[in-house]
Number of protein chains: 4
Amino acid sequence: MRRDYILIVQCPDRRGIVAAVSSFLSQKHANIVEASQFMDEAAGQFYMRARFSLDGHLPTITELENGFCEIGECFSMRWEFHDLAIKPRVLIAVSKIPHCLTDLLGRWRAGLLPIEIPAVISNHEDMRAFVEWHNIPYYCLPVTAATKTGQEDTFARLVDDLDIDLVVLARYMQVLSSRLCARLAGKCINIHHSFLPSFKGAGPYSQAHKRGVKLIGATAHYVTMDLDEGPIIEQDVQRVTHAHTPADLVRIGRDVESVVLARALTWHVERRVVLNGDKTVVFP
Amino acid sequence: MRRDYILIVQCPDRRGIVAAVSSFLSQKHANIVEASQFMDEAAGQFYMRARFSLDGHLPTITELENGFCEIGECFSMRWEFHDLAIKPRVLIAVSKIPHCLTDLLGRWRAGLLPIEIPAVISNHEDMRAFVEWHNIPYYCLPVTAATKTGQEDTFARLVDDLDIDLVVLARYMQVLSSRLCARLAGKCINIHHSFLPSFKGAGPYSQAHKRGVKLIGATAHYVTMDLDEGPIIEQDVQRVTHAHTPADLVRIGRDVESVVLARALTWHVERRVVLNGDKTVVFP
Amino acid sequence: MRRDYILIVQCPDRRGIVAAVSSFLSQKHANIVEASQFMDEAAGQFYMRARFSLDGHLPTITELENGFCEIGECFSMRWEFHDLAIKPRVLIAVSKIPHCLTDLLGRWRAGLLPIEIPAVISNHEDMRAFVEWHNIPYYCLPVTAATKTGQEDTFARLVDDLDIDLVVLARYMQVLSSRLCARLAGKCINIHHSFLPSFKGAGPYSQAHKRGVKLIGATAHYVTMDLDEGPIIEQDVQRVTHAHTPADLVRIGRDVESVVLARALTWHVERRVVLNGDKTVVFP
Amino acid sequence: MRRDYILIVQCPDRRGIVAAVSSFLSQKHANIVEASQFMDEAAGQFYMRARFSLDGHLPTITELENGFCEIGECFSMRWEFHDLAIKPRVLIAVSKIPHCLTDLLGRWRAGLLPIEIPAVISNHEDMRAFVEWHNIPYYCLPVTAATKTGQEDTFARLVDDLDIDLVVLARYMQVLSSRLCARLAGKCINIHHSFLPSFKGAGPYSQAHKRGVKLIGATAHYVTMDLDEGPIIEQDVQRVTHAHTPADLVRIGRDVESVVLARALTWHVERRVVLNGDKTVVFP
C-alpha cells in the first residue's frame, strides 16, 4: 500500500525552508526517500525536490497541494506534488530517422520508461508499421509550407484530445512555429544532434565535419521560440577523428542522440528537471 | 563574519530525521547552503550531509556537537560537525614517481586545495628539492625489509607529532603493515593505478597490457588491511589501444591517477565522503 | 563498377613487408583506400590491414589469394582477402533480455550493419514476435542441464546448415560447453556485462554494487574455453554512484552493453579485428 | 646505433603512392615501425606518416630529403623528414594562470616530453621563480595597448634568436596581432578554455555557465589570424552540473585544459599532426 510522491519547491532563499518542508512531510507521516536542494546564490533562488512515500490513507494530489498552501505562501513558493503511480502521457513525434524512436520504444517495452504513449505522430509514413506493431496509434500528418498552419493545428488538437503531458521531438525534422512552441512551453523536449551552442540549425554534422572538431555531441533541451536556444537538460559527446566522413558522424552520433534523449526524458518523468530561467536544475 | 560548517549524520532510517535536523539548524539561525541525503534501503541506513553558514556569534565545534546530543541520541545517530575555516592537516607520502605529488602541490599553490601540508615523507631523496622549494619540510625515511618496522614507527610518530588528519599515499610504493593500516583507518587515501578490482597488487599496467584491455584506470580508496580492497572513493579510465606498450600505459595512466587522487582528496576535505561498510557514500 | 576489398596480413617482422604488399596491390591496379599496420615489437610480429578498391575486371577472392602466394610464402605470412560486397552471415543468440538484440536489429534495419541475419536463436520464446516481425526466422532451443548436449548439437547444426560466419551472443545467458567453444573459435563474440577482468561469471552488476565501484562497464570479447577470458575487442564504462541500486546498474549498463557489442560486431565485419594470441589488434 | 625518423607525405591521390614510398624506404634499408595514411576522398588528397628506423650509416635529413626528390616530384608531393633524436625547441608563453605551464614542465621533467625549452616568456612576473627553479630562462615582457607592437617585436626576436620551432600559448592571455599570427603560422599552438566553436573569445566559462551547458571543454588549436578559428588538434570535455558556479567551472576546467594541451603538444612533436586546410589530420 506504499505509494511514492514527488514534491518540487522553488522560492526566494531564506532561513528555515527545509525545516518547514520536512516538518510538513513529517506531520503527514511521510517518509523522505530522496531529497536534494539547490541554492542559486547569484539569483537568490532556492530549489528543492523530495521523493517521499506514504502508506495507509493516501491523499490526492489536490489534498497535498492544498495542505501545503500555508507553508507555500508563507515562503512565497511555487510548489508541485506528483504521484509517481500516475504515468505521464507522452506524445512522440518523429520524421524518417528511426533510432531515437526505436530506442525509446525499446526502453518502454522493457519497463524502463514509466510513461503512457497514447500516440506517435509523424510527417511521414515510414515508421507506421513499427509503431503499430507496438499497439500504439500512429498519426501521419504530412506537412508542406502551404499546409504548415493546419498541420500544427491538428498536432495541437491531438495534444489536447489525448490529454498529453509531454511532447518528445525524437528527430522530428520540422521547426515548430512560435505559436506551437509557446503552447508547449515547458512540455516539449527536443533532441538536437550537436553539442549546443555549437552548430545550431540545419546539418550540424556537416558543420562539425567542416570545422574539424574532435568530438561530436547531442543536446536534449526544452523547446522555446528561439531555435536550439531552449534550456539544456542533458548533453553528451563521442570522440571522432579526421578520418570520419559526415556520414560516419551521422552513424556515430545516433548512439549519443538516443542515450541523451532517453536520459532527458527519464529525468523529466522522474520530476528531476526544474526550469531556472533559461537553464535547468537537474536534481541528482 | 559568515562562516561555513558541515554536518554529517548517519543513523538507522526512520521518519522525521530531516525535519529534526533541519529544525535544529533553523533554531541555531543557520542557513542551509547545500544538503543531500542518501537512504541505503537494503541496509536501512540513512546518511545526510548539510553545509550551513552562520554569522554573528560563532559557536565552537564542541558547542555544536553538544547541542546536537539530544537529537542525535534520540535517533541513534553518529554525527560530526566540521568548521570549513579549519584546514585539515595532510601528510603526503611519495616514492620516486612524481606526478601525483606535483599535481597536488600545483593545486595547493593555486589555492584550490584547502589543506595544510605540514610535511612530505618519502623513502627516497628524489623529490626533496621540489618539495622544499614549496617551503614544505621533507622527511626521507628509507626502508628495507629489515628496517620496515622502525621506519613505520617513525612514520606513525610524524603523524602524531605533526597532528595529521589525513595521510595521502601519492604513489608511495610501499605496502603498509596491518598495524599501520589499522592505525590510519579512515584517515589514509591511496591511489592505485588500475580500475579496481581489476589488477590488484604489483605492476597493474603490465597486467593490463597482458590482458589486452581497451581502457586503463585509476582508483582512489581508503587504505585498509586488505591490500587494494579498501572502500573506493573515485575511479576513472582512459582509452588505450593494442598499439600501446606497457610504457605507454604508464605515461597515459599518470593523468588519470593525478585527477582521480585530486578529486578524492578534495571530496574528503569537503567532507563529502562517508564510509558505508566496505563502500563509500560520496555526496554530490 | 568499383568494388572494395580487405587484405589482412600477419607475419614475423622484417624489412620490406609494406613495400612488397603495396607493390603487389599496385600491380593489380588496386587503389589503397585505407591502410594501417601494427608492429608488436615484443613478439616480433607484424600486422597489416589494407582496404583497396578495384574497377574493371574484378578477380575472385581465390584468384587474389592465389596471386598473393609468392609474397605470402616469402615472408612466412598468414593472409586473407575479403570482398566487402559479400555480407557475413551472422547468427544472433539471445535469452530473455532484449536490449542488445533490439539494438542490433535497429542498426541492421537502418542499413548500418552490413550483415545477413539468417536466424536468431534463443532458449526462450520471448523475442519470437519481435524477431519474426523483422522477417528473420526464430529458433527456440530450450535448454536444461539434461538436454544441454543435444541442444548444443542443434545449435551447431544450425551454424553449419545456415552457413554461418559469426555467432553473436547478445545476452545469451548460457555458458557454452568447451566443445562448442572450440568449434566456434574466432567466430563467436560475447558481450559480458562488466569491465573485464573485473566481475567475471554470474551477476556482475551485483558484484559491482557490492564492491562499490564508481564506474560500471561492458566487454565484448571472442568466446574461448575459459569463461570471460577470451580476447577483448571493445570495452566501455558508465559512471554510477553510491545511490544506484543493483537494479539501477542493470538499467544504466544496458546502454553500454548495446553500444560495446555493436562496435565490436561492426569492427569484426569490417575486418578490423585480428587475433594476436590472447589479445586483439583492432585496426583504426 | 638505431635511430628513428618520421616521413610525412601529402599529395593528390592516385595509385601506387604507398608502393613507391615503401619501396624507397626499403631500398634505404629502413625498417617501418609505424605507418598510417589518410585519404581525404572529398578533397582527393592523400596523407601518409611513416616512422622508420635505420642503423649503421645514418644519413642526414638533407640527404633523405634529396634522395626522395624523384618520387616526391613524380607524385607532386610535399614531403618532410624528421630525425626524432633532434628535439624541437619550444617556447612557452604564459600569463598568470599557472596550471598548463606547471603541467608541461612536470611532464618535461619526467622525461615524457621530448622537447627543449629554451625559454618561457610572460607578460607578468608571477611564474619567474617556478620557471627559474627548473633552470629555464624567464623573459618578462609586459604589455599595454601602447606597447603592444614593441612587445611583439621582442617576442618575435626571441623566437628567432632562440631558434624556436614551436610556440605554445599555455594560457597566455593576450590576443596576438595578425602580423605575429602570420609569422608563427603552423608553429603556434594555443589552448582555448572552451569546446570550440562554442564560446569563442573572452570569458568562455562565464558564457558556458550562462548557457547552462552540462559539459565544459577545452580545445588545442593552431593559431591563425581568426581568433579561436584555427585548425583544431585536440578537444576534450568534463561533466558539470547546474550547481557549479563559474568559479567551479574554472577549477574543473583546468584539468581538461592541461591534458588537452599536453596531448596536442605531444602529437605535434611526434609529427602526428598535419594541416589539411582549416582542419588537421592527427595520425594515430
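Residues numbered from 1 in each chain as written. Chains lettered and ligands numbered in written order. Predicted model: local features only at pLDDT ≥ 70, side-chain atom pairs only at ≥ 80, totals over all residues. Heavy atoms only, no water.

Draft legend 1. The arrangement of the interface of chain B and chain D in detail. Taken together, the contact between chain B and chain D spans 15 residues of the former and 15 residues of the latter. Across the chain B/chain D interface, buried area totals approximately 1500 Å², and carbon plus sulfur atoms make up 59% of it. In this structure, the connection of chain B to chain D is made through two salt bridges. A salt bridge links Arg 107 of chain D to Asp 255 of chain B, with the nearest nitrogen and oxygen atoms 2.7 Å apart. Here chain B is connected to chain D by four residue pairs in polar contact (both at pLDDT 80 or more). Among the secondary structure elements, those contributing two or more residues to the side of chain B that touches chain D are helix H4 (99–109), helix H5 (128–133) and helix H9 (246–269) of chain B. (Contact = heavy atoms within 4.5 Å. Buried area = accessible area lost by both parts, 1.4 Å probe. Salt bridge = Lys/Arg side-chain N within 4 Å of Asp/Glu carboxyl O. Polar contact = N/O pair within 3.5 Å; in protein donor to acceptor, adjacent residues only side chain to side chain. Helix = DSSP H or I, 4+ residues; strand = E, 2+ residues; numbered from the N terminus.)

Draft legend 2. Structural view of the packing of helix H1 (residues 17–27) of chain A against helix H1 (residues 17–27) of chain B. It is the contact of H1 of chain A with H1 of chain B, at a shortest axis distance of 8 Å, that shows an interaxial angle of 150°. The angle between the axes of H1 of chain A and H1 of chain B places the two elements in the roughly antiparallel class. As H1 of chain A packs across H1 of chain B, the resulting crossing turns out to be left-handed. Note on element contacts: H1 of chain B touches H1 of chain A through Val 18, Ala 19, Ser 22, Ser 23 and Ser 26 of chain B, opposite Val 18, Ala 19, Ser 22, Ser 23 and Ser 26 of chain A. In the contact of H1 of chain A with H1 of chain B, the residues fall into four nonpolar, six polar and no charged. (Axes fitted to C-alpha atoms, helices over the stretch in contact; angles between N-to-C directions. Parallel < 35°, antiparallel > 145°, perpendicular 65-115°, else oblique. Left-handed = near helix turned anticlockwise from the far one by under 90°. Nonpolar A, V, L, I, M, F, W, Y, C, P; charged D, E, K, R; others polar.)

Draft legend 3. Representation of the relation of the copies chain D and chain A. Overlaying chain D with chain A gives an RMSD of 0.0 Å, the required rotation being 180° about an axis along which the chain moves by 0.0 Å. Interpreted geometrically, this transformation is the action of a two-fold axis. Across chain D, the smallest distance between a C-alpha and the rotation axis is recorded for Ser 198 of chain D, namely 2.5 Å. Both copies present the same face, since 100% of the interface residues in chain D are matched by interface residues at the equivalent positions in chain A. (Least-squares fit on C-alpha atoms with pLDDT ≥ 70 in both.)

Draft legend 4. Structural view of the sheet that holds strand S9 (residues 188–192) of chain B. Residues and elements named next belong to chain B. Pairing is mixed in the open sheet, where seven strands are placed in the order S7-S6-S5-S8-S9-S10-S11. The outermost strands of the open sheet, each flanked by one partner alone, are strand S7 (138–140) and strand S11 (232–239). This sheet shows a mean twist of 15° between the axes of neighbouring strands, independent of strand direction. When strand S10 (residues 215–222) meets S11, the two strands line up antiparallel, connected through seven bridges. Each residue of the ladder has a partner; that of Thr 219, found in S11, is Gln 235. (Pairing = 2+ DSSP bridges.)

Shape descriptors only; they carry no functional weight alone.
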